Amino acid sequence: ESVNDFIDSEKRQDFLLGYYLTWINEQKQKLHYINSEMQHYLDWKQERLILFKTYNEYLFNQNFIDFADILVLAWKVLTEFGRGELYAKLYKYVLVDEAQDLSFAQYELIRALCNGNIKNILMVGDPRQAIHGYAGANSMYFLENFKTDYNAVSRPIRHNYRSSKAVINLANK
């Protein structure tokens, strides 16, 4: 093998690693998590199922979780272990800031936390400032789903309380 073949092979491996890690993260953002009931994922290609399972087993065996697991595991605790009911009894109010950048997993975590019992939810956000689309965020959870799921009323804030007039005028230019 030549040095160029090795470099091309290394680039291909780096590309595939990045591709599959991104794919694993996307699955976790959909709240997919492999456990003993793997039949839910039979529509995945076999190599993806093996890769997903192996990756998660490796993390588990090292007592690690990745960033996406934080949401998945918190959601599982609230939904599968009945903790959503406990928190819904403890708390009367929920505040979600930067709601324009909610992902599916984050929105479902909020729903699990509220457990159908907490109705006093305030979401604050500006869809014009949504910046986390690359990570699965979608302002529809804030603009549409929240209104539908919680019969929410939208109240726009027309005054900017954060910036001076000079900064606002410059931004508008």
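Residues numbered from 1 in each chain as written. Predicted model: local features only at pLDDT ≥ 70, side-chain atom pairs only at ≥ 80, totals over all residues. Heavy atoms only, no water.

So, about the packing of aromatic side chains. In the structure shown here, the tally under the stated rule is six aromatic pairs. With a centroid separation of 5.1 Å and 80° between ring planes, the pair formed by tyrosine 19 and tyrosine 20 is classed as edge-to-face. Judged by centre distance (5.5 Å) and plane angle (40°), the ring pair of phenylalanine 146 and tyrosine 150 falls under tilted. Placement of both phenylalanine 146 and tyrosine 150 in helix H6 (residues 140-150) is noted, with a separation of four residues, approximately one turn of the helix. Under the relative-accessibility criterion, phenylalanine 146 is labelled buried at 7%. When its relative accessible area of 17% is taken as the criterion, tyrosine 150 is described as buried. Three or more aromatic residues joined by ring pairs make a cluster, and in this case those are Phe15, Tyr19 and Tyr20. (Phe/Tyr/Trp six-rings, centres within 6.5 Å; stacked < 30°, edge-to-face > 60°. Helix = DSSP H or I, 4+ residues; strand = E, 2+ residues; numbered from the N terminus. Buried < 20%, exposed > 50% of the residue type's maximum accessible area, 1.4 Å probe, protein only.)

Right, let's get into the side chain of asparagine 56. In this structure, asparagine 56 sits in helix H2 (residues 46-61). When neighbours within four sequence positions are excluded, asparagine 56 is seen to be in contact with Lys28, Tyr33 and Asp69. (Contact = heavy atoms within 4.5 Å.)

The phi angle at asparagine 63 is positive, at roughly 60°, despite the residue not being glycine. Mapped onto the elements, asparagine 63 comes out in the loop between H2 and helix H3 (67-80). Accessibility expressed as a relative area gives 72% for asparagine 63, which makes it exposed. One non-glycine residue, asparagine 151, lies in the positive phi region at around 50°. Position of asparagine 151 among the secondary structure elements: in the loop between H6 and helix H7 (165-172). For asparagine 151, a relative accessible area of 69% puts it in the exposed group.

Turning next to the nonpolar core. Core analysis: the largest hydrophobic core is formed by 15 residues, its most contacted members being Val96, Leu102, Tyr107, Cys114, Ile121 and Met123. Within the residue set of this core, elements represented by two or more residues are strand E1 (93-96), helix H5 (104-114), strand E2 (120-123) and H6. Looking at this core, the element that brings in the most residues is H6, giving four residues. When near neighbours in sequence (up to four residues on either side) are disregarded, cysteine 114 contacts Ala88, Val94, Ile121 and Tyr150. Within the second largest apolar cluster, eight residues are counted, among which are Leu31, Tyr33, Leu78 and Ala105. (Core = buried A, V, L, I, M, F, W, Y, C linked by side-chain atoms within 4.5 Å.)

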